[in-house]
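Residue-level structure breakdown
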Amino acid sequence: MPIKSLLRTLRLVSGLILMLFVVGHLANLAIGLKSLEAMQAWLAHLMAPWQTPVGKFLLVGSMLLHVALGLYSIAARHSLAMSRTDVVQLVLGLCTPPLLLAHVIVMSMGSKLATAFEPSYGQILSVYWSFAPMLAFQQLFAVIFVWVHGAIGLYSWLVLKPVWRRIGGAVVPLLFGVPILALLGFAEAGKEVLDKLANDAAWRTDITAMVELLNPVRAELDAIQARILTVYGGLLLLAVAIFAGRRLYNRLTPVRVAYDEGLSATGVRGQSILDVSRLNGIPHADVCSARGRCGTCRVHVVAGMDHLSPLNDIERATLARVGADAGDRLACQARVLASGVSVVRVLPAFVETSAAHDSGAWMADSAGDAASGPAA
Amino acid sequence: MKRVLCELGELRGLWRAALALVALCAPFPAHALSAESGMQGMAMTALESAKSGLAERIQDLRMASSEVGRISEALAAAVLGGEGVRALTYLLILILVGCGAEWLYWTYASAPLRVIKATRAVSRRHAARLALRRMVLLGAGLLLFAVATIATSAAFTWPAGVHAAVVAATFAVVVVRLAWMAVDLIIVPGPAHRAPQRLVPLLQGQVHWAAACVLGVALALAIGGFVPALIEPIAGARHVAGALRVLAASLTAALLVSTLLLLSRRSNRGEKGDSGARRRLPQFPRAIVVVLLVVAVYGLWLLGAETAAAIAAIVSIVIALQLVSRVLVFYFWEAEIAADAEAAEARTGAEVIDPSLAPSIVLSVARFIIVLLGLGACALVLNAPMSDMAKSPHVLVRLGFELLGVAALALFAHVAWIVIRTTIDHRLERIGPINAGDPHGEPSPNARLLTLLPLLRTTAAVSILVMMVLSSLWALGIEITPLLAGAGVIGLALGFGAQALVRDIIAGIFYLAEDVFRVGEYIESGTTTKGTVERITLRTVALRHHNGPLHFVPYGALGTVRNNSRDWVIDKFNLPLPIDADSEKIRKMIKKIGIAMLDDPEVGHMLREPLKGKLYRIDPGVKIFRCKFETAPGNQFDVRAQAFKRIEAELKAMGVKFADGVQTVVVERPPLLMDAGTAQA
């Protein structure tokens, strides 16, 4: 049962669905650059697919799945050795649910509890810009956090694909353009809302009345939010506790790994070879940040193959794809179970994504460079 | 000469400006000179101002807490509203743009950076070059971030006061990141296998402390520098700003003191562990001096004398850098200096004459630049208009500048002299004495350098000295035009008078430049002057005749030179043999001798072409064989003697005699008488 690759696919698919939703939503916000009415008009088109039962199911399902997988990945960790990008992605991802919760609850539950409540951009923006600016801060951070988290995931997935050479030039501007335009639209629409609130008395009474509608159910909404937050916090604590417990338990059995060039490093039982390299500052190629996709971290195991964790499905597939020799392992997947492992890094530490596309050609190309490069 | 002086003249303006700064920084105000009588009064005034400065600081600290409450209320009121939301929106866009630009840069630059990081430094200077390359990469990213952020910030209409805060915050971030970059490049905190990349002589146990100290100080200074400047005008909270400054300064001082004490303790311990045998004489602990300096600067600042504190800090930093600069610079040439010392010890058993050229120059220049930077920093602190300085009405101040200018010139001259002397000395040392003990041996190809280099060294010394003196006079404001003109006139007169001398010198330069002869070569000039070149001076060459007398020949009279010591010599001699000698046999015999001579331990190595002979002429009663061989110059006599010896022995063995001088006259007789004639003979 290829459980690891299944989980990876699920995380990717759920993330992509969420990203699609976020893009639509942010595009809607960006229309605020034109006017508040245009924003409201486009809302129906951009958000309509998500209002259908299938859309709702996909969205909610992806959301729950993605959060659950994120928490699981924390619980399954063996060390905190991560690239800076990964740290950013993890922290932003963990912060997102609490930040978004208020907005999601009001949008989905509000009209159910207060039947007359009909959310519109005018109201929501009035709340943000005038009635409760604290919520606006929360939302702004949520937008950035979600987007950066998603963009990192999308980029690190796509950049390893051969297709990136063709679409990269189009995707990167989007990665920056969408959130910036959305924020600008938010600011422009906010100006318009403030202006209307000040000058359009009828509109103001409308909005105020609509906002008042929520007041009776506020307590209920807050209770729901508190409950969800408690559950989330509990799960997060549990995941961290599992990680910490394993880390502390494994601490009792330190393991030693020997590298080429006479280097050696110490880690604890259960950490991958790449974790040990990172924790000890040993240069080691890892283009995909330990996701087991690129195959650049692979090592040739000189001794102690039976002290490493057995091949998993991700590793087997990647090794086959890059055409690795027998006795090669992926440093990011092979976990060290006991001392006495001795490895040789196959690729130099400075490889980039091109090595992931076709590592054989890369090594042949740079054989001369690599030999003379670092020495020069 | 004149051109050089002109260039120095251009520099002079620069010097004046630099010196002007010093004068401002020097605690040399005019009234202090005139008010000598008020020594006590001055001390009282200083004490008064110190007292009030301290009181102000204490007041700041005391009032700060109430002000913080007021500010935070005002801030909350300002932030919770449309303005606050707008500001945050723009700020987030700014962060996206700045970080995004840098991220995009790193998608290209991270691979080269990893290449540099993975490169193993083979020497300290290689490590420095690598660090430089890393600095360019990292610095470009930082610059991109700063420029993108600040430029984008101009595109928005910010709520009042926020724009300044955003720009200041960006600067603060840049300062802290610069400090981090410096730490990463110079101190290189990390595991022991990164030690070869370290650019300062720190022990492995010290690097993390040093890195933390630098970062902490940068953070404290960034906060103390940028935040109060924002709070004061916007929120009008003078006391909070003052309190923040005090906190930042205290934190900086505490960090510096603790780190200095820690580092000195560790390095002492390290030394003892490394070489317990080599004990040094007791010294006053330097760390305490440095700590006292830090405390003094901090105290000055606390007492309100901010400018004085800044200048004291700069001066102490300059002095500290001067003290450690030798260690810091020589650290990069450690391997070479150790090798040099070892080689010199092996060769002569004495110390090296000089450290290598490069570190000496770098050291001089570095010291000079440190002083200049210190002066510049002082000028910045004092906010002094540089252009007015040199025109100070005070004679002593001006003289001070000018003397400093002379010092700078002397430094220049010193650097130039080090460059020339060390280069020449090292070169000479490497060439070594030529033909020690054997004046007739083949001179080495560097013999000419051996004659030229000392000449060059003396010339350079004289010209540097002359130029230095002239420029110093000029810098001191003494007119040197008459001096130069006088020198010109005298030069003209001397030139006419000493035509022959000049001709000799110039001819000599050309003889040397064209490599006509070198010390140790045997030359002939004209018919009578011949001998081995023993000495080459500015005007004459000394030739030792093979009979002993020493000829001193001025170059002008040397004329055509016949150099007998170049490349090779062909020697030919005749061998008269009786007419009945078998010429083919003789030829073969000579050839055999030639081949045998190649293996001779005495002359074999001198031969370039072996001895050969052939029948050259037939005279009545005599066959003349001509023999020839080729040797290195000066060896032909030995080789010829050896050849004669061998030929004679061989001929004796063959039973062939040399042709005797008696001519045999054969008289043609009629055939009848022939029998009788032969019987009689």
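Residues numbered from 1 in each chain as written. Chains lettered and ligands numbered in written order. Predicted model: local features only at pLDDT ≥ 70, side-chain atom pairs only at ≥ 80, totals over all residues. Heavy atoms only, no water.

Moving on: the sheet that holds strand β6 (residues 569–578) of chain B. Residues and elements named next belong to chain B. Spatial ordering of the open sheet is given by β6-β8-β7, a layout of three strands whose pairing is antiparallel. In this open sheet, the two edge strands, each paired with only one partner strand, are β6 and β7 (607–619). Each strand of the sheet is rotated relative to its neighbour by a mean of 20 degrees, with strand direction disregarded. Where β7 meets strand β8 (residues 622–631), nine bridges bridge the pair, whose relative direction is antiparallel. Opposite Arg-617, over in β8, you have Ile-624 as the bridge partner. Most of the contacts of helix α18 (residues 583–598) go to β7, to which it runs at about 165 degrees, and overall it touches β6, β7 and β8. Seen against the sheet, helix α19 (residues 636–654) touches β6, β7 and β8 and runs at an angle of roughly 25 degrees to β6. (Pairing = 2+ DSSP bridges. Helix = DSSP H or I, 4+ residues; strand = E, 2+ residues; numbered from the N terminus. Axes fitted to C-alpha atoms, helices over the stretch in contact; angles between N-to-C directions. Contact = heavy atoms within 4.5 Å.)

Once that is clear, we can look at the packing of helix α7 (residues 164–199) of chain A against helix α8 (residues 201–214) of chain A. Residue and element names in this part refer to chain A. Packing of α7 against α8 leaves a shortest axis separation of 6 Å and a crossing angle of 105 degrees. With respect to each other, α7 and α8 are oriented roughly perpendicular. Counted together, Val-193, Lys-196, Leu-197, Ala-198 and Asn-199 of α7 and Ala-201, Trp-203 and Arg-204 of α8 form the full contact between these two elements. (Parallel < 35°, antiparallel > 145°, perpendicular 65-115°, else oblique.)

A separate point is the sheet that holds strand β5 (residues 341–345) of chain A. Residue and element names in this part refer to chain A. Here we have five strands laid out as an open sheet, ordered β2-β1-β5-β3-β4, and mixed in their pairing. Only two strands of the sheet have a single neighbouring strand rather than two, namely β2 (264–268) and β4 (328–329). By the bridge criterion, two bridges tie strand β1 (residues 254–258) to β5 in an arrangement that is parallel. Bridging from a neighbouring strand, Ala-258 pairs with Ser-342 of β5.

Right, let's get into the packing of aromatic side chains. For the structure on display, the rule yields 16 aromatic pairs over all chains. Between A:Phe21 and A:Trp50 the ring centres are 5.5 Å apart and the planes differ by 90 degrees, which places this aromatic pair in the edge-to-face class. One end of the pair, A:Phe21, is in helix α1 (residues 3–30); the other, A:Trp50, is in helix α2 (residues 36–51), with 29 residues separating them in the sequence. With 4.4 Å between their ring centres and 5 degrees between their planes, B:Tyr90 and B:Phe156 make a pair best called stacked. Taken together, the residues B:Tyr90 in helix α4 (residues 82–118) and B:Phe156 in the loop between α5 (124–153) and α6 (162–187) connect sequence positions 66 residues apart. (Phe/Tyr/Trp six-rings, centres within 6.5 Å; stacked < 30°, edge-to-face > 60°.)

Further remarks concern the side chain of B:Thr540. Inspection of the secondary structure puts B:Thr540 in strand β3 (residues 540–544). If sequence neighbours within four positions are ignored, B:Thr540 has contacts with B:Arg535, B:Phe552, B:Val553, B:Pro554 and B:Tyr555.

The next subject is α7(A). The terminal C-alpha atoms of α7(A) lie 50 Å apart, and with 36 residues this matches the ideal 52 Å at 1.5 Å per residue to within 8%. Along its length, α7(A) shows its largest kink, about 35 degrees, at A:Ala170, and proline A:Pro173 lies within four residues downstream of that point. (Expected span 1.5 Å × (residues − 1). Bend = angle between axes of the 7 residues up to and from the residue.)

So, on to the confidence of the model for chain A. Residues and elements named next belong to chain A. With 94% of its residues at a pLDDT of 70 or more, chain A shows a mean pLDDT of 86. Summarising per-element confidence for chain A, the mean pLDDT is lowest in helix α14 (residues 367–372) (46) and highest in helix α3 (residues 53–75) (92). Segment residues 368–376 is flagged for pLDDT under 50; beyond a separation of four residues in sequence, or across chains, it makes eight contacts in the model. (pLDDT = per-residue confidence, 0-100.)

Take a positive patch on the surface next. All names here are of chain B. A surface patch of positive charge is lined by Lys-572, Lys-591, Lys-612, Lys-614 and Lys-628. Inspection of the secondary structure assignment puts Lys-628 in strand β8. On the accessibility criterion, Lys-628 (43% relative accessible area) is partly exposed. (Patch = residues over 30% accessible without salt bridge, like charges linked within 9 Å, V, L, I, M, F, W, Y side chains within 5 Å. Areas by Shrake-Rupley, 256 points an atom, 1.4 Å probe, with all protein chains shown as cover. Salt bridge = Lys/Arg side-chain N within 4 Å of Asp/Glu carboxyl O. Lys, Arg positive; Asp, Glu negative; His and termini not counted. Charge placed at Lys NZ, Arg CZ, Asp CG, Glu CD. Buried < 20%, exposed > 50% of the residue type's maximum accessible area, 1.4 Å probe, protein only.)

Residue and element names in this part refer to chain A. Position of His-78 relative to the elements: it lies in the loop between α3 and α4 (84–113). A polar atom in the side chain of His-78 sits 3.2 Å from the backbone oxygen of Gly-270. At a separation of 3.4 Å, a polar atom in the side chain of His-78 contacts the side chain of Arg-335. (Polar contact = N/O pair within 3.5 Å; in protein donor to acceptor, adjacent residues only side chain to side chain.)

Here we come to the packing of α7(A) against α4(B). Following both chains from N to C, one finds α7(A) and α4(B) inclined at 170 degrees, their axes separated by 10 Å at the closest point. The orientation of α7(A) with respect to α4(B), classified from their angle, is roughly antiparallel. Crossing of α7(A) against α4(B): the hand is left-handed. Where α7(A) abuts α4(B), its residues A:Val172, A:Phe176, A:Pro179, A:Ile180, A:Leu183, A:Leu184, A:Phe186, A:Ala187, A:Lys191 and A:Leu194 lie against B:Gly82, B:Val85, B:Arg86, B:Thr89, B:Tyr90, B:Leu92, B:Ile93, B:Leu96, B:Val97, B:Gly100, B:Trp103 and B:Leu104. Partitioned by chemical class, the residues of the contact of α7(A) with α4(B) number 17 nonpolar, three polar and two charged. (Left-handed = near helix turned anticlockwise from the far one by under 90°. Nonpolar A, V, L, I, M, F, W, Y, C, P; charged D, E, K, R; others polar.)

Take unusual backbone geometry next. Residues other than glycine seldom take positive phi values, yet A:Ala290 does so here, at roughly 60 degrees. Its place among the elements puts A:Ala290 in the loop between α10 (273–279) and β3 (299–303). With a relative accessible area of 30%, A:Ala290 lands in the partly exposed category. One non-glycine residue, B:Asp567, lies in the positive phi region at around 60 degrees.

On to a nonpolar patch on the surface, then. All names here are of chain B. Taken together, the side chains of Phe-284, Ile-288, Val-289, Val-290, Leu-292 and Leu-293 present a nonpolar region at the surface, about 520 Å² in accessible area. Mapped onto the secondary structure, Ile-288 falls in helix α9 (residues 286–302). You can call Ile-288 partly exposed: its relative accessible area is 39%.

The next thing to look at is the environment of B:Lys588. All names here are of chain B. Along the chain, the position of Lys-588 falls in helix α18. Of the residues examined, Lys-588 reaches a relative accessible area of 52% and is grouped as exposed. Placed 26 residues apart in sequence, Lys-588 and Lys-614 show a C-alpha to C-alpha distance of 9.1 Å.

Residues and elements named next belong to chain A. Within the structure shown, the criterion is met by 21 salt bridges over all chains. We note a salt bridge from Glu-37 to Lys-196, for which the minimum N-O separation is 3.9 Å. With Glu-37 in helix α2 and Lys-196 in helix α7, the pair connects residues that are 159 residues apart, well separated along the chain. Between Arg-298 and Asp-328 there is a salt bridge, and its shortest N-O distance comes to 3.8 Å.

This brings us to the interface of chain B and chain A. On the side of chain A, 33 residues touch chain B, which itself brings 29 residues to the contact. Summed over both partners, the interface of chain B with chain A buries about 2700 Å², with 79% contributed by carbon and sulfur atoms. If you look at where chain B meets chain A, you find zero salt bridges. In this structure, the connection of chain B to chain A is made through two residue pairs in polar contact (both at pLDDT 80 or more). The element best represented in the side of chain B that touches chain A is α4(B), accounting for 19 residues. (Buried area = accessible area lost by both parts, 1.4 Å probe.)

Of all hydrophobic cores here, the largest spans 64 residues; its most connected members are A:Leu26, A:Leu36, A:Leu125, A:Trp147 and A:Phe186. Only α1, α2, α4, α5 (121–131), α6 (133–158), α7 and α8 of chain A together with α4 of chain B provide two or more residues apiece to this core. Apart from the residues lying within four places of it in its own chain, the contact partners of A:Leu36 are A:Tyr121, A:Gly122, A:Leu125, A:Ala189, A:Glu192, A:Val193 and A:Trp203. (Core = buried A, V, L, I, M, F, W, Y, C linked by side-chain atoms within 4.5 Å.)

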